[in-house]
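Working through the structure, step by step
Spelled out, the chains give:
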Amino acid sequence: MSEIEKTYPAGLATNIQKPISDPGIEPHRVRMTDKSEKAARGAEQQIAVMFGISIVGAFIAIWGFVAFPINSLADTRNGALWMGIGMALSLLGIGFGAVHWAKTLMPDHEVSEARHQARTPDEARAQAIAIIKTADAESGFTRRKLIRRSLYGALAVFPIPALVIFGDLGPQVGDTLKHTIWKKGVRLVRDSHEGGTPIKASEVTLGSVFHVVPENLKDIEDHGEKLNQKAKAAVLLVRVEPSELKEDPAKASWSYDGIVAYSKICTHVGCPVALYEQHTHHLLCPCHQSTFDLADHCKVIFGPAARPLPQLAIEVDAEGYLVAQGDFTEPVGPSFWDIRQS
Amino acid sequence: MRRRPWAIGFVIFLGLVLSGGGYAAATNVVQSEVSSADQVAEGRKLFLANCASCHGSNGEGAIGGPSLIGVGAASVDFQVGTGRMPGQASGPQLYKKPVQFTEEQIAAMAAYVASLAPGPAIPDAEYLRTTGDDIDLTHGSELFRINCAMCHNAVGAGGALTEGKFAPALGGVTEKHIYEAMVTGPQNMPVFNDANLTPEDKRDIIAYLKWVEENDSVGGYELASIGPVAEGLFVWIFGLGFIIAITVWLGAKAN
């Protein structure tokens, strides 16, 4: 009984008594190019012009490369522009020409192909089952338990060497997420590719912002390692009117006369948080608008960040320069699952 | 009723512009670098007429505005010289608008505010140069990226801050005003004193900004330099539009 012939109680199912009929194939429409030889010749010329544009485009690309030797930044722009235009014309000319050719001049008779039945015929199914049963009987897979179980064991153990080998690729993360190169007595220096100069507390006037890295960063020889360490250790140094700071008594000794230092790495996904507003003490992350209240231990006041920016405890050395009291007491940057365990 | 003194001040100011401004233009007085007692007295008059309702009659600050003691001549020159002061309406941020005073009047008010307490002075022309052998554009660019670009954008196109505030675009701002903004920290901008960025550093930063302003963008049309939003919008409209047009053409039968 086909789907259409079934009857359903009223109100339970949609009426499929009148399904949409098969529209069949649309009547064939004769193209201009089939009707008139002139139109066909026109199309032929159009296609040739498109292929011609492609050839011209290729030469434009070569000219763009040759004509603008890179002596200045402006030449980079012009060279890239003309090479891009040339290559685009070259590729599009071939593509458009080929499609236009197929549409206007190649045969356009309609073809229909009936869909296959998705289900395998019963005969083939029975045959497949017979093959499996024969294989089982001949190999004794079901009967010989010892062989079967030891094979399962071998297959389970087989991938383990790969896990061990691939697991050892690259360095272990270890505790790199939990420590930076800040140490007790390390001076705070200005961020600069030349190494940076140390900062005296007296230089940090009210409302000033300094973008800071640890002085020992310049001792790292390897460039990649230097960037990795800088990415974790970057700090923002600000002086706020001490009466405006809402300091936790336990952390009161972490600041120096209103000067506070906070990690610049957002606790959401690690963007540099450095948009500081002098009077509201808002510190804004440009990526997802997490906003931290710098006067209140960088508490999150808006946005997706889930914990405050870690504070770097600072003090002043004998020469008046700002130094760290030690490393951050918690990991900087994005949070991870075992972040609270030391 | 708090606005009334301001309105009176505005009338006085108009009179001053017409008489004093005309006089100054006609006589072409050469301004002395050192502010004279007369200039301070003139500045105090202008201050009382135009600023005192918010900043207090001695610049000590009032409900409407902060204390001006110690903000220096540079602050006055920036705030009044860019039209931000006198403020139009309270809000998250004061906007730049047509300048309300003449050069002489601004200089007089600056001299008066500077006489209240020491503060940043109007910068020396030496540090407002943008050309010369000793100017290091690369250094200026590095300093700009480290200290300024997070708010003002890498090429000074400006950007949004919290709760309606924004870092303004720096194109077209005079060298003097950029310098004064760095040294005074107007509104919510932090201060970059001479110990943090030396006058030479500030000069290099300004020179970099002027270089960016005067030179074409290397990457072609910069779409206001505001980055992925403008570029994304362009690609969505024109790039995808082009792809859709081609798809329609591919699917259409020939005539």
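Residues numbered from 1 in each chain as written. Chains lettered and ligands numbered in written order. Predicted model: local features only at pLDDT ≥ 70, side-chain atom pairs only at ≥ 80, totals over all residues.

Glancing now at the interface of chain A and chain B. Counting residues at the interface gives 33 residues for chain A, matched by 25 residues for chain B. Listing elements by their share of the side of chain A that touches chain B, those giving two or more residues are helix H1 (32-35), helix H3 (73-104), strand E2 (209-214), strand E5 (275-276) and strand E6 (282-284) of chain A. The element best represented in the side of chain A that touches chain B is H3(A), accounting for 8 residues. In terms of residue class, the side of chain A that touches chain B is made up of 13 nonpolar, 13 polar and 7 charged. (Contact = placed C-beta atoms within 7 Å. Helix = DSSP H or I, 4+ residues; strand = E, 2+ residues; numbered from the N terminus. Nonpolar A, V, L, I, M, F, W, Y, C, P; charged D, E, K, R; others polar.)

Residue and element names in this part refer to chain A. Judged by pairing direction, the sheet is antiparallel, and its 4 strands sit side by side in the order E5-E6-E7-E8 without closing on themselves. The two strands at the open ends of the sheet, each matched to only one other strand, are E5 and strand E8 (299-302). Bridge count for E5 against E6 is 2 bridges, and the pairing is antiparallel. The residue bridging Leu 275 from the neighbouring strand is Leu 284, located in E6. (Pairing = 2+ DSSP bridges.)

So, on to the environment of B:Phe238. Secondary-structure assignment places B:Phe238 in helix H10 (residues 228-251). Sequence-wise, B:Phe238 and B:Ala74 are 164 residues apart; in three dimensions their C-alpha atoms are separated by 47 Å.

Judged by nonpolar contacts, the single largest core of 92 residues is most densely connected at A:Leu188, A:Val235, A:Leu237, B:Met109 and B:Ala110. Looking at which element gives the most residues to this core, the answer is helix H5 (residues 103-116) of chain B, with 9 residues. Each residue touching B:Met109, except ones within four places of it in the same chain, is listed here: B:Gly43, B:Leu46, B:Phe47, B:Val76 and B:Val80. (Core = buried A, V, L, I, M, F, W, Y, C linked by C-beta atoms within 7 Å. Buried ≥ 20, exposed ≤ 12 C-beta atoms within 10 Å, placed from the backbone.)

Note the cis peptide between B:Met85 and B:Pro86, where omega equals -5 degrees. One can find B:Pro86 in the loop between helix H4 (72-81) and H5. Positive phi, close to 55 degrees, is recorded for A:His297, a residue that is not glycine. Inspection of the secondary structure assignment puts A:His297 in the loop between strand E7 (291-293) and E8. The phi angle at B:Asn153 is positive, at roughly 80 degrees, despite the residue not being glycine. Topologically, B:Asn153 is positioned in the loop between helix H7 (149-152) and strand E1 (159-160). Under the C-beta neighbour-count criterion, B:Asn153 is labelled partly exposed, with 19 such atoms within 10 Å.

Residues and elements named next belong to chain A. Counting buried positions over the 6 residues of E2 gives 6, a clear majority of the element. Alternating residues of E2 divide into Val 209, His 211 and Val 213 and Phe 210, Val 212 and Pro 214, and every residue in both groups is buried. Relative to E2, strand E1 (residues 188-190) is paired through 3 bridges, and the arrangement is antiparallel. By the bridge assignment, Arg 190 is partnered in E2 with Val 212. Pairing between E2 and strand E3 (residues 235-239): 4 bridges, direction antiparallel. Residue Phe 210 lies in a different strand from E3, and its bridge partner there is Leu 237.

Okay, the confidence of the model for chain B next. Residues and elements named next belong to chain B. For chain B, the mean per-residue pLDDT works out to 87, and 86% of the residues sit at or above 70. When pLDDT is averaged over each element of chain B, helix H8 (residues 175-184) comes out on top at 96 and helix H1 (residues 4-27) at the bottom at 58. The ipTM for the predicted assembly is 0.79, set against a pTM of 0.75. (pLDDT = per-residue confidence, 0-100.)

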